[in-house]
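Overview (structure and organization)
This is what each chain is made of:
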Amino acid sequence: MIIGSPTERIKEERMVEITINGKKVSAPKGTTVLRAAEMAGIQIPKLCDHKHLAPYGGCRLCIVEVKGMRVPIASCTLPVSDGMEIETETEALKQSRKFILSMLFSDRNHFCPFCQVSGGDCELQNAAYHEEMTHWPIQPGWNHFITDTSHPYFILDNNRCILCRRCVRACAEMAGNFTLSVAERGASSMIVADTNVPLGDSTCIKCGSCVQVCPTGALIDRTSAYQAKDEQLTEIKSVCAGCSVGCSVNIMVRDNRIVRIEGDWDGDVNHGVLCEHGRYDPVTETRTRLTTPLMRVNGTLQPVSWEEALSAVQEKLQPLAGNKHGVAALASTRLPAETLSAFKDLFQNKFDSELVTSIEEGVPTAAVSKYAEKHAGFEGKIDTLRNSDTVLCIGANVNRSHMVAGFLFKRNLSKGIHLINIDPGESSLDEIAHMALKPNNGADLVLIRGLQAVIAKEGLERKSLNITDVDARIQKAVKETGIPLDKLTQAAQILAHAVSPVIIYGKGITAQRDETLIEELHQLAVQVGCVDEERNGLLSLKGEANSLAAALLGLDESFELNGHKAVYVALGDDHVSRSLAERVSKAPYLVVQASYESGITEKADVVLPVSTWSEQEGHYINLDGRIKKAEKLLSPPEHVRDNLDVLTDLAKRMSLTLDTDWQNAVRARKASVTLN
């Protein structure tokens, strides 16, 4: 008799029953024996295997005995089958693993007392201890590989390498960069960068994925080496504030400082991958920290108390409340949503200021937000990049910023997906793109309409745009973009023939502040099937970590002083462009709350020292609408205050109460993406 719902029966059919060490285990069909064992809480020794890399079967340490099979089999590449009976800890297997480890130790110079990962953080050493090894049964080969110290963030020591190729695979499968490989043969085999050039001179993009997956001390992180063992560190899950991708991170903290940052393997956006900016920028900060309030006295900034500083600000700003040209205010889009919401409430709602915006001035979001007011949720999720077969990248160099978004499709380029890059300037993406189109500056709109026209003319539309002036559009596109007709046609054909196309766009498009440009991109996406009833493969990259939150709060106007009597800048730990600093410095009175000294703090009348990203908690909304919380990792210096606390205190001094419902505030405006 068949029982259960159809869904339950399908699920049961997809499961197989196996036995591991006498224990009955159910595992999904297609799972490897190693993963099935881990799901059942049975740990099989391993070295080359990593759950986020394709099975490799190189080290053979994960061998198991399978009833009916003549020899032990590597469990990391062996799929489960119904009725399989497996043993993982027989005496014969233990002897085999000892021999495998002995061979690995003999291949290189693994001098554990001199290795920074020795003593708990080395998977090779831990595996040997698991097999109760206390010495090397076989003398090492005494090789002398040159240690590569040319890289700014990590060191490559082939003398400690076990050739598991995790680093090589991570470079290709995670970052899609293909810098690392193995050169030479046999005992001379070694990890090299490109054509065996120094790592520091190679095509390495410094994401550090190779270091994070290395099971030994062959790849050593310069920034955290010899500082502490993992067991001495406190691990805190948080979100990266490097850009709007919103990568999940594990922060390793000791003695109120960040020792190391790793990608969170459970992260819903990045799945363990990070870029250079997320992994290394926070631990290599060199700017001078502000640790006490400063006030300009007789032309120079002098240390003062918080009471003196805030009283001076209150005295100057309070009379300007209600005057639209009284106070202009700017906030960093690296600040948490709670702080941005309070900032807006204080200056726009309570002060009634007409100029309240962000230091990005809406460059990455203003046009997108205006179009979203009529077409809410017209953009999709970043996950579509993972399985796309064609990516049209326009005005967005993901090799320079939002790098993890680029990793999601670059890793598949070797599998045959197409990349079309459109950028009038120099772009490193051109080197890996199947097609690189170089339209004349300002010709993006004509180009997009030209692509639409070619697709329509060739009868390749999935949804008709009912274009009536096809030939005229094509002629105009060729004339004004400078792109030959054959190239325009080829790009249109590649995009239209794709099964799962994705279009991503960046500041090259959004900086033009042209809502029509966004609309035509959306139309192109609909025409080729990027956007249909089943999927949405259109997405803008936004800007900094909370660009979208700032846009939803309406903080996306250009900054131009218009007789304003004072400017308040909530900069936090952000940088500010030279252009904006020059415009701001023209204010008659300037207040800056910042974490570090900069050109803008030098011009300020009052400087308020505030917390950095790691010293405060708060929420961030990433580029595709995911709301994430960043945890407080460190305590700030003694006289440094939280960004939100400073705004709240200032409001309180002026008998103002700030609205604390930031979630309601960011949902008041229609978004280009779905918030969740």
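As a reminder, the structure under discussion sits directly above these lines.
For the structure given in this document, a descriptive report is provided here.

Rules of the game
Residues numbered from 1 in each chain as written. Predicted model: local features only at pLDDT ≥ 70, side-chain atom pairs only at ≥ 80, totals over all residues. Heavy atoms only, no water. Helix = DSSP H or I, 4+ residues; strand = E, 2+ residues; numbered from the N terminus. Rg over C-alpha atoms; globule rule 2.2 N^0.38 Å. Contact = heavy atoms within 4.5 Å. Areas by Shrake-Rupley, 256 points an atom, 1.4 Å probe, with all protein chains shown as cover. Lys, Arg positive; Asp, Glu negative; His and termini not counted. Charge placed at Lys NZ, Arg CZ, Asp CG, Glu CD. Pairing = 2+ DSSP bridges. Axes fitted to C-alpha atoms, helices over the stretch in contact; angles between N-to-C directions. Salt bridge = Lys/Arg side-chain N within 4 Å of Asp/Glu carboxyl O. Buried < 20%, exposed > 50% of the residue type's maximum accessible area, 1.4 Å probe, protein only. Expected span 1.5 Å × (residues − 1). Phe/Tyr/Trp six-rings, centres within 6.5 Å; stacked < 30°, edge-to-face > 60°. Lys NZ or Arg CZ within 6 Å of the ring centre and 35° of its normal.

Another point: the overall build of the chain. Looking only at helices and strands, the chain has 21 helices and 26 strands in total. Whereas a compact globule of 676 residues would reach a radius of gyration of roughly 26 Å, the chain reaches 29 Å, a difference of no more than 12%. With respect to the three principal axes, the spread of C-alpha positions in the chain is 85 × 70 × 60 Å. Expressed as a percentage of contacts within the chain between residues at least 6 apart in sequence, the contacts between residues at least 24 apart total 70%. Per element, the accessible surface of the chain, about 28900 Å² overall, is 49% carbon and sulfur. Of the charged side chains in the chain, 73 are positive and 86 negative, and the gap between their average positions amounts to 2 Å.

In this section: the sheet that holds strand 19 (residues 435-437). Spatially, five strands are ordered 19-18-17-20-21 in an open sheet, and the strand pairing comes out parallel. With one partner strand each, in any of the chains shown, strand 19 and strand 21 (538-540) form the two edges of the open sheet. In this sheet, neighbouring strand axes are inclined to one another by 15° on average, regardless of whether the strands run parallel or antiparallel. Sheet strands in contact with helix 14 (residues 485-497) are strand 17 (390-394), strand 18 (418-422), strand 19 and strand 20 (501-505), and its direction is about 125° off that of strand 19.

Our next topic: the sheet that holds strand 14 (residues 300-303). Pairing is mixed in the open sheet, where seven strands are placed in the order 14-13-24-23-22-15-16. Two strands lie at the open edges of the sheet, namely strand 14 and strand 16 (356-358), each paired on one side alone. The sheet shows a mean angle of 20° between the axes of neighbouring strands, taken without regard to direction. The sheet contact formed by strand 13 (residues 294-297) and strand 14 spans four bridges and is antiparallel. Bridge pairing links Val-297 to Thr-300 in strand 14.

Counted by the stated rule, this structure contains 37 salt bridges. Of the charged contacts in the structure, one is a salt bridge between Arg-334 and Asp-573, with a shortest N-O distance of 2.9 Å. Within this pair, whereas Arg-334 is found in the loop between strand 15 (327-331) and helix 9 (337-350), its partner Asp-573 is found in the loop between strand 22 (566-572) and helix 18 (578-584), the two being separated by 239 residues in sequence. A residue is classified by how much of its surface remains accessible, and Asp-573, at 9% relative accessible area, is buried. The partner of Asp-471 in a salt bridge is Lys-457, with the nearest N and O atoms 3.0 Å apart. Of the two residues, Asp-471 sits in helix 13 (residues 470-481) while Lys-457 sits in helix 12 (residues 444-457), which places them 14 residues apart along the sequence.

Moving on: the side chain of Thr-32. With respect to the helices and strands, the residue Thr-32 is situated in the loop between strand 2 (23-28) and helix 2 (33-39). In contact with Thr-32, other than residues within four places in its own chain, are Ser-75, Cys-76, Thr-77, Leu-78, Pro-79 and Val-80.

Time to look at helix 8 (residues 306-317). Compared with the 16 Å implied by 1.5 Å per residue over twelve residues, the 16 Å span of helix 8 between its first and last C-alpha is a close match. Along helix 8, the positions that sit buried rather than exposed are Trp-306, Ala-309, Leu-310, Ala-312, Val-313, Gln-314 and Leu-317.

A word on helix 9. With 14 residues, helix 9 should cover 20 Å at 1.5 Å per step; its first-to-last C-alpha distance of 18 Å lies within 8% of that length. The buried fraction of helix 9 amounts to eleven of the 14 residues, a majority that puts the element mostly inside the structure. Within the sequence span of helix 9, burial applies to Ala-337, Glu-338, Thr-339, Leu-340, Ser-341, Ala-342, Phe-343, Lys-344, Asp-345, Leu-346 and Phe-347. Count one or two residues on from helix 9 and you reach Asp-352, which has phi positive near 60°.

If you walk through the whole model with that rule in mind, you get seven aromatic pairs. Ring centres 5.3 Å apart and planes at 55° place the aromatic pair Phe-343 and Phe-347 in the tilted group. Placement of both Phe-343 and Phe-347 in helix 9 is noted, with a separation of four residues, approximately one turn of the helix. Both residues of the pair, Phe-343 and Phe-347, count as buried. Ring-pair connections join several aromatic residues into one group, and the members of that group are Phe-343, Phe-347, Phe-351 and Tyr-568. The side chain of Arg-641 reaches across the aromatic face of Trp-306, ending 4.9 Å from its centre.

By themselves these figures say nothing about function.
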